[in-house]
Amino acid sequence: MCHVIRFLLAMVLLKSMMLSPTQAQGHLLPRDRSLPPMQLVNHHIKVLLEDQVAVTRVKQTFRNQSNRPLEAIYSFHVPRGASVKDFSMMVNGKKVKGELVEAAKAKSIYTEIVRRTMDPGLLEYVGSDLLQMSVFPVPARGDQEVEVSFTSLASKRDSIVEYHYPLKGQTQLLRVSGEFSLEMELKSSRPIHNIYSPTHPISFNRKSDRHATVYFDKSMVALDRDLQLFYSTGKDDIGLTVIHHKPDHRDGYALLLLAPRADITPEQRIPRDMVFVLDTSGSMREDGKIEQAKKALKYGLDSLKTGDRFTVIQFATTVNAFSTSLVSGADQIASAKKWIDTLEPTGGTAISDALTEALKLQVGDKERQYCIIFLTDGKPTIGETESARILQTVQSQIRSGTRLFTFGVGYDLDASLLDQLAEKNRGSSSFVKPQEDMEIKVSHFFSQINQPVLTDLKLTTSEGVRLLDMYPPQIPDLFHGGQIVVLARTQGTGKSSIKLSGSVGSLNKEFHYELDLQEKPDAKPYVEELWARRKVGYLLDQIRLRGESKELVDEVVLLAKKYGIATPYTSYLVIPDDVPRPGERRWSPVPPGQSSGLGGMAGGGASLERSRSTREVLKMLESSKSVADSRGATSAVMGGKGTLDQANRALRAGDLQQTQQGRLGVDLSVQMNEMKNQSQQSRQIQRQVNQRNCLEVNGVWVDDQYKKATPTFAIKTMSKAYFKLLEVKPEMKEVLQLGSSLIWIAPNGTAIVVDPNTGEEEITEAEITKLFTKGS
């Protein structure tokens, strides 16, 4: 358990650090080769995707940081299948045209761009068409805007349309002040059901059944991978989309998306009974928590629809209610708001009594959904104070159709209690940390659960195909405007059917869909990766709540090794998500001098261990027989020694409550919830390239079969030897684009060591042939 806490603390630290967005879509390179590429300060994308036809308009702003006007070449690689509709730049108010360079001729130009930008990730685009334009003058200390427009046909399979926008690149970084944005208009002749990106956490607004707007901006995530977006169409009231991946000779994996149509009838909406339970104990007076809570509660009241009923319960030392029964109507809402304004923070925290009072109002009406929204900033201090007994009492009183949602405010909480109250009752738990705005967070929650359309969901398949190891194990309710992402392992292939069953009020509903799990579908490896990460998240959460067991630990280790997931039991994977690579700069969203909420673990001045050079990693591995045997040799940045010492003391004393309560408990709960609900790819730290398995060790990609006795041949990154290797062996593109520092074993058993600072700068074709000839 000690290792679990260490790892999760490290992950919480690393999550607070974010990459500045990268870009590889357009480059402005001065003709003077001694000068670096011009800084990209803004990157805006607008897309109109109508059925399968996508019109993409890209607007980029570059900055000349030199003291003289410059002549430069703008290069923009064209996505596969795109046709150039317009390619222009405004210079002194005039539009200037560019030229299209076809793939064969563009190869040498791409090589020059890779060499100038020192960005191996751009090798991915060698073999694509290229747009080029001469730009003069780019004013000294001034900005130059470039605008590109192109039309492409999005691919389609069955009812699923896929849009692809290239973004990958690793070293050209926007500054914090720069802007990145994407806005997409989706229009379809058929109703749009599910909208999903496996690569980026998009947000979207369904304007109607056939029209939606998709958004993405740089504040959400690093742009270190190309953007992929899927949407599906259909006529059903509830849309189900299945994205299938099946490795050879193994079980398959499925990502299932569930979403209701944007246009629903009043009959499809389930009326609700909402009970808002607010903690008004004395501690709510601190930091203006009570005022934020009141505003959030009023937002919840305003979100009620015609036919909904409600009441408000206030608890401190005693429990009081706005009304002794559920009420409805605008007059009652107005009266409840006035009653909320009179509440003053004072007294203790009677959590058990408040929950019991809320449960008394259950009427067992199958036509309605009963929801409890429970908000507290403290641990139970009045009445029953034992968490296990509170849980037992709630479970003995709660009805099967009741939903319980919990909000913890601050750190003086029993996070485990709030998590389990929600998990056992088909709800969710959320935490509002001291730096966060409670009103925004809670109001966002209310907007998400505004209109339930299907409850008690279950997925079953017909004979021949099975869904196993499904995550989440218990599918949550489906709300209007929302979408559920389910990941599962599959057995069997071929045509089958899948049934979605659920309830709309007292009515049981069934939806049937055709299912075709092909033996060799288009590769979608991210589906398998996401399934594995979710499962590991659930396993680690069980360890957090109930302690270690050999069975759970063994399963975590097995999955972590197979899928390259950083866990406390596989610390050899030393660069988990969001640790910098060589040459990357980072910014922290926490202003200098402020705490990140981890007691000194992170903040404006947080520092991370620098990534090692290829040679340093080789020396580090010398004491091991192979990379596989050195997996415990190094560890991620831990930081926060005081917090770790506190966790270790609690574990040695057998006091798991300390790891489930207070600041530590809240941070671990938030981290595990994120992992259990992960729906986008993480940066990989284990990859298969050219039939070799490589691990990232302190920023260096290492073939996992490398051993101390393995002979080596060193090549300097971006040297003549580097590009000669790429020219003679084009298949090495996949290997070299991993990064500027790597160790990869060639077919003859020699480890090719690529390093930015040392190595051969020239190589002959005969030497390359020898490296790629087995037995030589």
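The structure presented is a predicted model; accordingly, all values stated were derived computationally and were not measured.

**Let's talk about the overall build of the protein chain**
Along the backbone of the protein chain there are 17 helices and 38 strands. Counting across all 776 residues of the protein chain, residues that qualify as buried make up 58%. Of the roughly 32,500 Å² of accessible surface on the protein chain, a fraction of 47% belongs to carbon and sulfur atoms.

**Looking at the pairing of strand β33 (residues 686-689)**
Pairing between β33 and strand β34 (residues 692-697): 4 bridges, direction antiparallel. Bridging across to β34, Q688 finds its partner in N693. The turn linking β33 back onto β34 is made up of 2 residues, and N690 within it adopts a positive phi angle of 50 degrees.

**Describing a positive patch on the surface**
A contiguous patch of positive charge on the surface is contributed by K156, R190, R210 and K235. You can see R190 is positioned in the loop between β13 (179-187) and β14 (192-196). Its relative accessible area of 36% is what places R190 among the partly exposed residues.

**Some words on the nonpolar core**
Within the largest apolar cluster, 40 residues are counted, with the highest numbers of intra-cluster contacts made by L49, Y74, M184, L186 and I195. Residue contacts for L186: discarding those within four places in its chain leaves L49, I192, I195, R210, H211, A212, V214 and Y231. Residues L29, F723, L725 and L726 belong to the second largest nonpolar core, which totals 36 residues.

**Description of the pattern of salt bridges**
This model, assessed by the stated rule, comprises 37 salt bridges. Notably, a salt bridge pairs D456 with R426, separated by 3.8 Å at the nearest N-O pair. Here the residue D456 occupies a position in strand β26 (residues 452-461), and R426 occupies one in the loop between α7 (415-423) and β25 (429-432), the gap between them amounting to 30 residues. Owing to a relative accessible area of 29%, D456 belongs among the partly exposed residues under this scheme. A residue is classified by how much of its surface remains accessible, and R426, at 18% relative accessible area, is buried. A salt bridge links D703 to R692; the shortest N-O distance between them is 2.9 Å. One end of the pair, D703, is in strand β35 (residues 700-703); the other, R692, is in strand β34, and 11 residues separate them in sequence.

**As for helix α5 (residues 351-360)**
Counting buried positions along α5 gives 7 out of 10 residues, so the element sits mostly inside the fold. Along α5, the residues classified as buried are I351, S352, A354, L355, T356, A358 and L359.

**Side note on unusual backbone geometry**
A negative phi angle is the norm for most residues apart from glycine, just as the trans form is the norm for most peptide bonds. With an omega of -10 degrees, the peptide bond between F136 and P137 qualifies as cis. If you trace the backbone, P137 turns up in strand β9 (residues 130-138). One non-glycine residue, R426, adopts positive backbone phi at about 50 degrees. Even without glycine at this site, D456 takes up a positive phi of about 55 degrees.

**Structural notes on helix α2 (residues 103-117)**
Taking 1.5 Å per residue, 15 residues should reach 21 Å; α2 reaches 20 Å between its end C-alpha atoms and fits that length. The sharpest bend along α2 reaches about 25 degrees and sits at I109. Looking only at α2, the buried set comprises A106, I109, Y110, T111, E112, I113, V114, R116 and T117.

**Brief notes about the environment of R489**
The residue R489 is located in strand β29 (residues 484-491) in this model. Along the sequence, R489 and G252 sit 237 residues apart, while their C-alpha atoms lie 5.9 Å from each other. Excluding its chain neighbours within four sequence positions, the residues that come into contact with R489 are D251, G252, Y253, R466, L467, L468, D469 and W531. A polar contact is formed between the side chain of R489 and the side chain of D469, at a distance of 3.4 Å.

**Description of the packing of helix α6 (residues 387-397) against α7**
Two elements in contact, α6 and α7, have axes whose closest approach is 10 Å; the angle formed by their N-to-C orientations is 15 degrees. The angle between the axes of α6 and α7 places the two elements in the roughly parallel class. Considering how the two elements wind past one another, α6 and α7 form a crossing that is right-handed. Contacts between α6 and α7 involve S387, I390, L391 and V394 on the former and, on the latter, L417, Q420 and L421. Residues belonging to the contact of α6 with α7 are distributed by class as follows: 5 nonpolar, 2 polar and no charged.

**A look at the sheet that holds strand β23 (residues 369-376)**
The strands that make up a sheet pair up through hydrogen bonds in the backbone, lying either parallel or antiparallel. An order of β22-β21-β20-β23-β24-β25 is seen for the 6 strands of this open sheet, with the pairing classed as mixed. Lying at the two open borders of the sheet, with one neighbouring strand each, are β22 (319-321) and β25. Adjacent strand axes in the sheet meet at a mean angle of 20 degrees when their direction is disregarded. Looking at chain direction, strand β21 (residues 309-315) and β22 are connected through 3 bridges and run antiparallel. If you follow F315 over to β22, its bridge partner there is V319. α7 contacts β23, β24 (402-409) and β25 of the sheet and is inclined by roughly 160 degrees relative to β24.

**Overview of the side chain of R368**
On the secondary structure map, R368 appears in the loop between α5 and β23. Assessed through its relative accessible area of 17%, R368 is described here as buried. A polar atom in the side chain of R368 sits 2.4 Å from the backbone oxygen of G307. Other than its neighbours up to four places away in sequence, R368 contacts I270, P271, R272, D273, G307, D308 and R309.

**Examining the environment of T406**
By the secondary structure assignment, T406 is in strand β24. Sequence-wise, T406 and L417 are 11 residues apart; in three dimensions their C-alpha atoms are separated by 9.7 Å. In this structure T406 touches F374, L418, L421, A422, S428, S429 and S430, once residues within four positions along its chain are discounted. Polar side-chain contacts of T406 include one of 3.1 Å to the backbone oxygen of L418.

**A closer look at the packing of aromatic side chains**
In the structure shown here, the tally under the stated rule is 16 aromatic pairs. When the ring of F315 is compared with that of F374, the centres are 5.4 Å apart and the planes differ by 15 degrees; the resulting orientation is stacked. Linking F315 in strand β21 with F374 in strand β23, this pair joins segments that are 59 residues apart in sequence. The same class applies to F315 and to F374, which are both buried. Relative to F445, the ring of F407 lies with its centre 5.0 Å away and its plane at 75 degrees, an arrangement referred to as edge-to-face. With F407 in strand β24 and F445 in helix α8 (residues 438-448), this residue pair connects regions lying 38 residues apart in the sequence. The structure contains a cluster of three or more aromatic residues connected by ring pairs, namely F276, F405, F407, F445 and F446. Seen from the ring of F723, R115 lies directly overhead, with NZ or CZ sitting 4.2 Å from the centre. For the cation-ring pair, K676 lies above Y538, with the distance from its terminal atom to the ring centre recorded as 5.1 Å.

**Considering the confidence of the model for the protein chain**
Model confidence for the protein chain is summarised by a mean pLDDT of 80, while 82% of its residues fall at 70 or above. Within the protein chain, the lowest mean pLDDT, 24, falls on strand β32 (residues 586-587), and the highest, 97, falls on β21. Confidence drops under a pLDDT of 50 for residues 170-177, and excluding neighbours within four residues, the segment shows 38 contacts in the predicted structure. A low-confidence stretch, residues 629-654 (pLDDT under 50), is modelled with 51 contacts involving residues beyond four sequence positions or located in other chains.

Rules of the game
- Residues numbered from 1 in each chain as written.
- Predicted model: local features only at pLDDT ≥ 70, side-chain atom pairs only at ≥ 80, totals over all residues.
- Heavy atoms only, no water.
- Helix = DSSP H or I, 4+ residues; strand = E, 2+ residues; numbered from the N terminus.
- Buried < 20%, exposed > 50% of the residue type's maximum accessible area, 1.4 Å probe, protein only.
- Areas by Shrake-Rupley, 256 points an atom, 1.4 Å probe, with all protein chains shown as cover.
- Pairing = 2+ DSSP bridges.
- Patch = residues over 30% accessible without salt bridge, like charges linked within 9 Å, V, L, I, M, F, W, Y side chains within 5 Å.
- Salt bridge = Lys/Arg side-chain N within 4 Å of Asp/Glu carboxyl O.
- Lys, Arg positive; Asp, Glu negative; His and termini not counted.
- Charge placed at Lys NZ, Arg CZ, Asp CG, Glu CD.
- Core = buried A, V, L, I, M, F, W, Y, C linked by side-chain atoms within 4.5 Å.
- Contact = heavy atoms within 4.5 Å.
- Expected span 1.5 Å × (residues − 1).
- Bend = angle between axes of the 7 residues up to and from the residue.
- Polar contact = N/O pair within 3.5 Å; in protein donor to acceptor, adjacent residues only side chain to side chain.
- Axes fitted to C-alpha atoms, helices over the stretch in contact; angles between N-to-C directions.
- Parallel < 35°, antiparallel > 145°, perpendicular 65-115°, else oblique.
- Left-handed = near helix turned anticlockwise from the far one by under 90°.
- Nonpolar A, V, L, I, M, F, W, Y, C, P; charged D, E, K, R; others polar.
- Phe/Tyr/Trp six-rings, centres within 6.5 Å; stacked < 30°, edge-to-face > 60°.
- Lys NZ or Arg CZ within 6 Å of the ring centre and 35° of its normal.
- pLDDT = per-residue confidence, 0-100.

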